[in-house]
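A closer look at the structure
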Amino acid sequence: MTRLSRAVTAFALLASTCLSSGAHAADLKALVSGALKLAFPDMIAGFEKSSGNKVTVVYGPGGAVVKSVGNGDIADVAIAPSDLMEKLAAQGKIVAGSNVGIARVTIGIAIRKGAPKPDIGTVDALKRTLLAAKSIGYRDPKTGSNSGVYTAQLIEKLGLTAELKSRTVLDNSDGEHPENVFKALERGETDLQFGAITEIVMAPGVELLGPLPDEVQKVTLLTAGIPATAKSPDAAKALIGFLAGPSAAATLKANGFQPAGGN
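The sections below set out a description of the structure shown in this document.

Parameters at a glance
Residues numbered from 1 in each chain as written. Predicted model: local features only at pLDDT ≥ 70, side-chain atom pairs only at ≥ 80, totals over all residues. Heavy atoms only, no water. Helix = DSSP H or I, 4+ residues; strand = E, 2+ residues; numbered from the N terminus. Buried < 20%, exposed > 50% of the residue type's maximum accessible area, 1.4 Å probe, protein only. Contact = heavy atoms within 4.5 Å. Areas by Shrake-Rupley, 256 points an atom, 1.4 Å probe, with all protein chains shown as cover. Axes fitted to C-alpha atoms, helices over the stretch in contact; angles between N-to-C directions. Parallel < 35°, antiparallel > 145°, perpendicular 65-115°, else oblique. Left-handed = near helix turned anticlockwise from the far one by under 90°. Phe/Tyr/Trp six-rings, centres within 6.5 Å; stacked < 30°, edge-to-face > 60°. Arc of directions from axis to C-beta. Pairing = 2+ DSSP bridges.

Turning to the overall build of the protein, a few remarks are in order. Along the backbone of the protein there are eleven helices and eleven strands. The 263 residues of the protein split such that 46% are buried. Taking as baseline every contact in the protein between residues at least 6 positions apart, the subset at least 24 positions apart corresponds to 78%. As displayed, the protein offers around 12800 Å² of accessible surface, 55% of which is attributable to carbon and sulfur atoms.

See the structure below:
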């Protein structure tokens with residue numbers, strides 16, 4: 001075989017290998033808590049570039065993600081609060097041992113941009129501010145929103161449920177678009193609104209008043225796992241590994257998240 005022939009043969013083998021690799025590129029579907037929407041596109045772009053796989057993302061409240069997985073909807077990766085993901089794993093809806101911590105999210109209060117900034121630095125100050133507000137808002141717990149469920153519990157814990165009931169506006173907007181959650185606040189229909197800090201900072205027309213006081217703060221660990229219905233579990237495992245890795249951690253930090261470091 002001549003040198004040219006050997007070169008042509010080697011090129012053909014290389015091309016065949018590349019085509020074979022491309023044929024195995026996976027198309028993944030991820031069901032993702034809306035709290036991650038600010039950072040997730042950049043994280044996915046990095047994974048797609050490095051792996052050659054493609055990821056279609058559907059956002060929604062954590063409860064909606066869990067409901068979808070529980071109903072057996074086909075997905076390769078699901079990301080939701082860790083306690084809910086652990087329940088799915090116990091039910092056999094998530095592949096055993098696949099759950100990995102991705103990011104931590106805290107709850108804060110939003111106000112319209114430029115509005116006065118009342119004190120919420122202590123629990124007593126928070127109570128006074130809530131009682132002084134003409135109206136408040138938060139996600140309807142029925143949507144499955146983690147922040148909505150906790151806010152309702154917190155208001156009850158503070159003993160303010162009855163006093164705030166007539167002044168409360170519950171948000172039922174499309175969970176796939178968390179940036180729309182604060183429209184009522186932006187329009188002036190509420191004075192302040194509870195929500196995940198990561199959702200507040202992406203919403204137009206509003207700004208973060210501050211986080212909840214430490215004594216009543218809720219830190220939610222968002223966990224990624226592989227649903228039992230996954231069509232590409234190996235590629236899904238690679239995606240979760242990427243999301244828990246240093247490249248994704250840098251993106252999370254840049255967008256106000258606390259990377260979980262895989263825990």
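Structure's up, so let's keep going.
Time to look at the packing of helix α2 (residues 40-51) against helix α10 (residues 233-243). The geometry of α2 relative to α10 is characterised by a closest axis approach of 10 Å and an angle of 125° between their N-to-C directions. It follows from the interaxial angle that α2 and α10 lie oblique. Taken as a pair, α2 and α10 cross one another with a handedness that is right-handed. Residues Phe40, Met43, Ile44, Gly46, Phe47 and Ser50 of α2 pack against Ala235, Ala238, Leu239, Phe242 and Leu243 of α10.

With that out of the way, let us pick up the packing of aromatic side chains. All chains considered together, the criterion is met by two aromatic pairs. Aromatic pair Phe40 and Tyr59: ring centres 6.4 Å apart, planes at 85°, arrangement edge-to-face. With Phe40 in helix α2 and Tyr59 in strand β2 (residues 54-60), this pair connects stretches of sequence that are 19 residues apart. The exposure class of Phe40 is buried, given its relative accessible area of 0%.

The next thing to look at is α10. Along α10, the residues that are buried comprise Ala235, Ala236, Leu239, Ile240, Phe242 and Leu243. End-on, the buried residues of α10 take up no more than an arc of 160°, which puts them together on one face. The outward face of α10, more than 90 degrees from its buried face, is lined by the exposed residues Asp234 and Lys237.

Ordered by their spatial adjacency, five strands build an open sheet running β7-β6-β8-β5-β9, and the pairing between neighbours is mixed. A single partner strand is all that each edge strand has here, and the edge strands are β7 (168-171) and β9 (206-211). Averaged over all pairs of adjacent strands, the angle between their axes in this sheet comes to 30°, without regard to strand direction. This element, helix α6 (residues 146-157), spans β5 (107-112), β6 (136-139) and β8 (192-196) of the sheet and lies at about 135° to β6.

Along helix α4 (residues 82-90), the residues classified as buried are Ser82, Met85 and Leu88. Along the axis of α4, the buried residues cluster in a sector spanning 115°; they form a single face. Residues of α4 that are exposed and angled more than 90 degrees away from the buried face: Glu86, Lys87 and Ala90. Against the buried residues of α4 lie α3 (62-70), β3 (77-81) and β10 (220-225). Just beyond α4, the residue with positive phi is Gly92, at close to 80°.

Geometry only, nothing functional implied.
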